[in-house]
Amino acid sequence: MRTVELLCSRELDGAVRAAWHRLAEAGLPSLARNTHPTNRPHLTLASVDEFPPGTEQRLADLCAAALPLPARLDRVAVLSGNSPLVWLVRPGPQLVALHGAVWDVLAEAPGPHPWHLPGRWVPHLSLALRFGDADRRRARAVAGLDRPAGEFVAARSYDSDTRAVIDLLATGPRLTG
């Protein structure tokens, strides 16, 4: 699987990590427990089985032209599916336009993952995966104490097969893990 992800400004990253830690300290599921070096707050714009040739550079050019983008977080919610606990992102017009443009570039990519497609995408920053039946009310109180703002300032792609993270605004892959 290959993704297109936006990374948070220092302030927004710090707010999300603080929520991760508050959840963990409260004994609730939290991404604070994921110690893999690629684990950081991010907004996934797209996910496909693989990128067609030339796609990475087109995505890099697109993201370089669009960033930074303003970001404001909304309420904490539990999504359906595998029930992740997330902080919803208010999708401003610039973010919606970038999301659509990314999918225009990926139109021929095999295996688009439907939850990121235009019309189905719910922009969010993950707080805990597989939250399931954990205490939702308590998690909302612990994690979503405010509605921080910041910017999306960088873009990356993650390759789940190789566990490589590619900075879409720089050249060449950076291997981690």
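The paragraphs below set out a description of the structure included in this document. (Residues numbered from 1 in each chain as written. Predicted model: local features only at pLDDT ≥ 70, side-chain atom pairs only at ≥ 80, totals over all residues. Heavy atoms only, no water.)

Overview of the overall build of the protein chain
A tally of helices and strands in the protein chain yields four helices and eight strands. Each of the three principal axes of the protein chain carries a C-alpha extent, and together these read 45 × 35 × 30 Å. Relative to its full complement of 177 residues, the protein chain shows a buried share of 46%. Partitioning the contacts of the protein chain with sequence separation of at least 6, the portion at a separation of at least 24 is 77%. Total accessible area on the protein chain stands at roughly 8900 Å², and carbon and sulfur atoms take up 51% of it. Taken together, the 20 basic and 18 acidic charged side chains of the protein chain have centroids lying 9 Å from each other. (Helix = DSSP H or I, 4+ residues; strand = E, 2+ residues; numbered from the N terminus. Buried < 20%, exposed > 50% of the residue type's maximum accessible area, 1.4 Å probe, protein only. Contact = heavy atoms within 4.5 Å. Areas by Shrake-Rupley, 256 points an atom, 1.4 Å probe, with all protein chains shown as cover. Lys, Arg positive; Asp, Glu negative; His and termini not counted. Charge placed at Lys NZ, Arg CZ, Asp CG, Glu CD.)

Some remarks on the pairing of strand β6 (residues 149–159)
Strand residues, when the strand is regular, have side chains that alternate between the two faces of the sheet. β6 sits mainly inside the fold: eight of its eleven residues count as buried. The pairing of strand β3 (residues 69–78) with β6 spans four bridges and is antiparallel. Each residue of the ladder has a partner; that of R72, found in β6, is A149. Pairing of β6 with strand β7 (residues 164–167), which is carried by four bridges, proceeds in the antiparallel orientation. In the sheet register, S157 faces β7, and the bridge partner there is I166. Between β6 and β7, which pair antiparallel one after the other, the connecting turn spans four residues, and R163 there sits at a positive phi close to 60°. (Pairing = 2+ DSSP bridges.)

What to know about the environment of P68
Structurally, the position occupied by P68 is in the loop between α2 (55–66) and β3. Accessibility expressed as a relative area gives 48% for P68, which makes it partly exposed. A C-alpha to C-alpha distance of 8.9 Å links P68 and S9, two positions 59 residues apart in sequence. In contact with P68, not counting residues within four places along its chain, are E151, F152 and V153.

Side note on α2
Given a rise of 1.5 Å per residue, twelve residues ought to cover 16 Å, and the 17 Å separating the end C-alpha atoms of α2 matches this to within 8%. Every buried residue of α2 is listed here: T55, L59, A60 and C63. Relative to the axis of α2, the buried residues are bounded by an arc of 135° and lie together on one face. (Expected span 1.5 Å × (residues − 1). Arc of directions from axis to C-beta.)

Overview of the packing of α2 against helix α3 (residues 93–105)
As a packed pair, α2 and α3 sit with axes 10 Å apart at the nearest point and diverge in direction by 165°. Taken together, the axes of α2 and α3 lie roughly antiparallel to each other. α2 and α3 meet at a crossing whose hand is right-handed. Residues T55, R58, L59, L62 and A66 of α2 lie in contact with α3, whose contacting residues are L98, A101, V102 and V105. Partitioned by chemical class, the residues of the contact of α2 with α3 number seven nonpolar, one polar and one charged. (Axes fitted to C-alpha atoms, helices over the stretch in contact; angles between N-to-C directions. Parallel < 35°, antiparallel > 145°, perpendicular 65-115°, else oblique. Left-handed = near helix turned anticlockwise from the far one by under 90°. Nonpolar A, V, L, I, M, F, W, Y, C, P; charged D, E, K, R; others polar.)

Side note on the layout of surface pockets
Its volume calculated, the largest pocket comes out at about 1000 Å³. Lining the largest pocket are 33 residues, and of these H42, T44, H124, S126 and L129 lie nearest its centre. For the lining of the largest pocket, the secondary-structure elements that each account for two or more residues are β1 (2–8), β2 (42–48), β5 (124–128) and β6. The dominant element in the lining of the largest pocket, judged by the number of residues it contributes, is β2, at four residues. The class makeup of the residues in the lining of the largest pocket is 14 nonpolar, 14 polar and five charged. (1 Å grid on protein atoms, 1.4 Å probe; cavity = no way out; pocket = protein on both sides within 12 Å on 5 of 7 lines; lining within 4 Å. Points joined across faces, edges and corners; volume = space filled by probe spheres on them.)

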